[in-house]
Amino acid sequence: MLKYCTLLLIVMALGCFSSCSKDEDNSVRLDAFGPSPALRGGELRFLGSNLDRVTEIELPDDISIKDITKVSNGEIVIKLPQNVVPGYVKLKTPDGDITTKTKLTLSEPISIAKFYKTGSENITSVKAGDELTFEGDYLNLIREVVFTDNVVVSLLRDEDVTYSREKLVVKVPLGAQTGKVALSNGADIPILIYTDKELTVAAVSVTSISPTTIKAGAELTIKGTNLQLVEKIKLEPNLEIAIPPATNPYTDVTEIKLTIPENTHDGDVTLIAYSGLETNAGAITMLLPAVTTVTPNPVKGGEVLIIKGTNLDLVTNINFPNVGNAVECASKTASQITMVVPETAQTGTLSLNTNSGKSVSVNYSIVNPVVTSTSASIVGGESLTLHGTNLDLVSDVVFGSSSDNVQITSQTATELKIIIPNTVVGSSKIYIKTKNGNTIEALTVTVTPTKLAYITSSLSSINAGETLTLIGGNFDKVTKVTLGGKDVTWSAANASTMFVVIPGNTSTGNLSLILTTADGSASYSLSVIGTGPTVVSIWTGSQDMGGWSGSIQLGSSLFTSIKVGDVIRVTVDASSVTGSSQGSFKNGSWSQIAPGTEYFTITGDFTLTVTDDIKTSLLSGGLIISGQGYIATQVSILQY
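Rules used in this analysis
- Residues numbered from 1 in each chain as written.
- Predicted model: local features only at pLDDT ≥ 70, side-chain atom pairs only at ≥ 80, totals over all residues.
- Heavy atoms only, no water.
- Helix = DSSP H or I, 4+ residues; strand = E, 2+ residues; numbered from the N terminus.
- Rg over C-alpha atoms; globule rule 2.2 N^0.38 Å.
- Buried < 20%, exposed > 50% of the residue type's maximum accessible area, 1.4 Å probe, protein only.
- Contact = heavy atoms within 4.5 Å.
- Phe/Tyr/Trp six-rings, centres within 6.5 Å; stacked < 30°, edge-to-face > 60°.
- Lys NZ or Arg CZ within 6 Å of the ring centre and 35° of its normal.
- Pairing = 2+ DSSP bridges.
- Polar contact = N/O pair within 3.5 Å; in protein donor to acceptor, adjacent residues only side chain to side chain.
- Core = buried A, V, L, I, M, F, W, Y, C linked by side-chain atoms within 4.5 Å.
- Salt bridge = Lys/Arg side-chain N within 4 Å of Asp/Glu carboxyl O.

Peer 1: Just to check I follow, could you spell out the overall build of the protein for this structure?
Peer 2: Along the backbone of the protein there are one helix and 57 strands. Here the protein has a C-alpha radius of gyration of 51 Å; the compact-globule value for 640 residues is 26 Å, and the former is much larger. When the backbone C-alpha atoms are referred to their principal axes, the protein occupies close to 135 × 75 × 40 Å. For the protein, with 640 residues in total, the buried portion stands at 42%. Nonlocal contacts in the protein, meaning residues at least 24 apart in sequence, comprise 60% of its contacts between residues at least 6 apart.

Peer 1: What's the story with the packing of aromatic side chains in this structure? I'm lost.
Peer 2: For any two aromatic rings, the description comes down to two numbers: the centre-to-centre distance and the angle of the planes. Counted under the stated rule, the structure contains seven aromatic pairs. Where Phe33 meets Phe46, the ring centres are 6.0 Å apart and the plane angle is 20°; that geometry is what we call stacked. Linking Phe33 in strand β2 (residues 29-34) with Phe46 in strand β3 (residues 43-49), this pair joins segments that are 13 residues apart in sequence. Here the two residues Phe33 and Phe46 agree in accessibility, since each one is buried. Directly above the aromatic system of Tyr163 lies the positively charged group of Arg157, at a separation of 4.5 Å from the ring centroid. Between Arg165 and the ring centre of Tyr138, over which it is positioned, the NZ or CZ distance is 4.1 Å.

Peer 1: Even after reading the chapter, I still don't get the sheet that holds strand β53 (residues 582-586), so can you show me in this structure?
Peer 2: Two strands in a sheet stick together by hydrogen bonds in their backbones, pointing the same way (parallel) or opposite ways (antiparallel). The four strands lie next to each other as β51-β56-β53-β54, forming an open sheet whose pairing is antiparallel. Lying at the two open borders of the sheet, with one neighbouring strand each, are β51 (547-554) and β54 (600-601). Note: β53 against strand β56 (residues 623-628), five bridges, orientation antiparallel. Residue pairing for β56: Ser584 is matched across the bridge by Ser626.

Peer 1: Would you mind going over the side chain of Lys586 with me for this structure?
Peer 2: Its location among the elements puts Lys586 in strand β53. Engagement of the side chain of Lys586 in a polar contact is seen with the side chain of Ser626, the distance being 3.4 Å. If near-sequence neighbours (up to four positions away) are discounted, Lys586 is found in contact with Trp548, Ser591, Gln592, Ile593, Glu598, Gly622, Leu623, Ile624 and Ser626.

Peer 1: Just checking my understanding: could you explain the nonpolar core for this structure?
Peer 2: One recurring pattern in soluble globular proteins is that nonpolar side chains are buried together. If you look at the biggest cluster of nonpolar residues, it comprises 26 residues, and the most contacted ones within it are Ile233, Val269 and Leu271. Elements represented by at least two residues in this core include exactly β21 (219-225), β22 (230-235), β23 (239-242), β24 (255-259), β25 (267-273) and β26 (278-286). Here Ile233 is in contact with Ile222, Leu239, Glu240, Ile241, Ile243, Ile256, Leu258, Val269, Thr270 and Leu271, once residues within four sequence places are set aside. Counting residues in hydrophobic clusters, the runner-up holds 24 residues, among them Val570, Ala594, Ile614 and Val635.

Peer 1: Mind showing me how you'd approach the pairing of strand β28 (residues 304-310) here?
Peer 2: Look at any regular strand and the pattern is simple: side chains alternate between the two faces of the sheet. Covered by surrounding structure in β28 are Leu305, Ile307 and Gly309 only, the residues Val304, Ile306, Lys308 and Thr310 on the alternate face being uncovered. Bridging between strand β27 (residues 290-295) and β28 involves five bridges; their strand directions are antiparallel. Note that in β28 the partner of Thr293 across the bridge is Lys308. Of the pairings in the sheet, the one linking β28 to strand β31 (residues 336-340) comprises five bridges and is antiparallel in character. Bridge pairing links Val304 to Val340 in β31.

Peer 1: Would you mind showing me how to read the environment of Asp566 here?
Peer 2: Along the chain, Asp566 falls in the loop between β51 and β52 (567-572). Judged by its relative accessible area of 2%, Asp566 falls in the buried class. Between the C-alpha atoms of Asp566 and Val610, which are 44 residues apart in sequence, the distance is 5.5 Å. Those residues in contact with Asp566, other than ones at most four positions away along the chain, are Ser561, Leu608, Thr609, Val610, Ile637, Leu638, Gln639 and Tyr640. In this structure the side chain of Asp566 is engaged in a polar contact, spanning 2.9 Å, whose partner is the backbone nitrogen of Lys563.

Peer 1: Just to check I follow, could you spell out the pattern of salt bridges for this structure?
Peer 2: Any two side chains of opposite charge can pair, so long as their charged atoms come close to each other. Taken as a whole and assessed by the stated rule, the structure comprises 21 salt bridges. A salt bridge links Lys114 to Glu135; the shortest N-O distance between them is 3.8 Å. Pair noted here: Lys114 is in strand β10 (residues 111-117) and Glu135 is in strand β12 (residues 131-137), with a separation of 21 residues, a long-range link. Judged by its relative accessible area of 33%, Lys114 is partly exposed. Where Lys117 meets Asp130, a salt bridge forms, and the shortest distance between an N and an O atom there is 3.8 Å. On the criterion of sequence distance, the pair formed by Lys117 in strand β10 and Asp130 in the loop between β11 (125-126) and β12 is long-range, its members being 13 residues apart. Residue class for Lys117 comes out partly exposed when judged on its relative accessible area of 27%. Taking the relative accessible area as the measure of exposure, Asp130 reaches 16% and is therefore buried. Taken together, the salt bridges that share partners define one network made up of Glu219, Lys223, Glu255 and Lys257.

Below, the structure written as structure tokens:
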């Protein structure tokens, strides 16, 4: 089927130029013109390059045409006057004239005298399926009838058959619309003869749609006339539903029933005809769910919430406050939906979402845990039982007077057991944090200080043979320390700092570290992961090395038990280190004790591994440690 636009088919010989070069980008070139034969009063087209530069066309005999339609730079069109005669055509351009190689020839005119609805000569109004009659001359040359918007009906005429010269009959297609009709000879550059007035084609008309408020999945009824012309229906947002044609597509249809898709939104219902014309049938509003009850309310996180109402089968999912993802329904009917409330959900507004892009808001509330009482004894470091309701919703417990973590040892809905931090003393508020992020002030308690020794520092894993430093309280009251059931060496620097020596032959694994005082024992778990070096401290203090002005001088008597393979470690105050800090190991004569030890960059603690030569030097003259940009706090020998 032809679309009546520019056809790039060369049907005539090339024109010639009078003054322009072919290699210029803006040169005018004529490739073809037509139709030829042409009709007086019809169109004559010219195809080529840069034809928009043509200023005038001269037709035979000496007829000047300046009313030129410039379709593009490669196509121009003129209308042939009635007094044109056969002959050569001349195109005038700024670069010179171009004359066609062949003559323009003229055809006996195809004419339309009148057209009408077949059987009713005075009626020019039709609808799809009616027959349309044309009367005129040379209608036997017509091969196509072109309705408005390039809706083409091919006559499929056999060239060996003789057809009526004065009359032509065609059926009005479904895609026809009001406008002028053209008769075409079907050529590549066709002759087009238009009717002098418009053909009126009946269009889709809507009288009603119902219901205008509708539930997704329900049936929408559209009433009107010529609904057989409807090819598809458009709903919001950008939904198109094809309407299957009847067995006889021209049969009058006055009603269309349409099932509304689940994802339809509020908006216009638009009927799209085969002609492409659109008819607004009216607007529809999508029905929403309605909620009558929410139970239980308040509801506990992790339990089932029941919502009752109408049209609840439209709900796709539910958004809870403080919950990132929407929650799917556990069950769903038109009158009831159920879902499990996330433990992180907070009190607020539920959003019941639908496929229509709209949602319904419902207020609800969440159950909070409540502490009603505690066990009688409230002593730091000991167990405390909190009694109440919904305590299984608690995620954490905080004492207002302490930043220490509180250990929860057991938990049910009615009872919560915790260990009071040893650092809590006197009056303190207890706060409970819930799984949904809320913090609730539970009650105020008075905590009796513990008389037991307690550890507040982290107990990380340690090697056998190393010394463990503990931070805590009541260490000045310790009378005995055991590890894995065996007594170990310990010393208390003060009430808050203690050193425990882990024997080199200690078994590996998680062992009980027990601190005993006159008032009882406190037990902790310590992971011993293997045998480490024996650490012998040979100097402690605080020596600022400045800019090579300070030093630590260690006599040879400190190294009488030194062995090859031992490591001498200098412990450095990390806060004193800069980008230019350097360390140094020298012998008693202030010479480097080994190659590369006179000065070297340090970033923290640094070491010297003992060789035969270093051992000899240490035993004869001792060791001098110096450098710049750091403070030394300890020198130790690590023996493996």
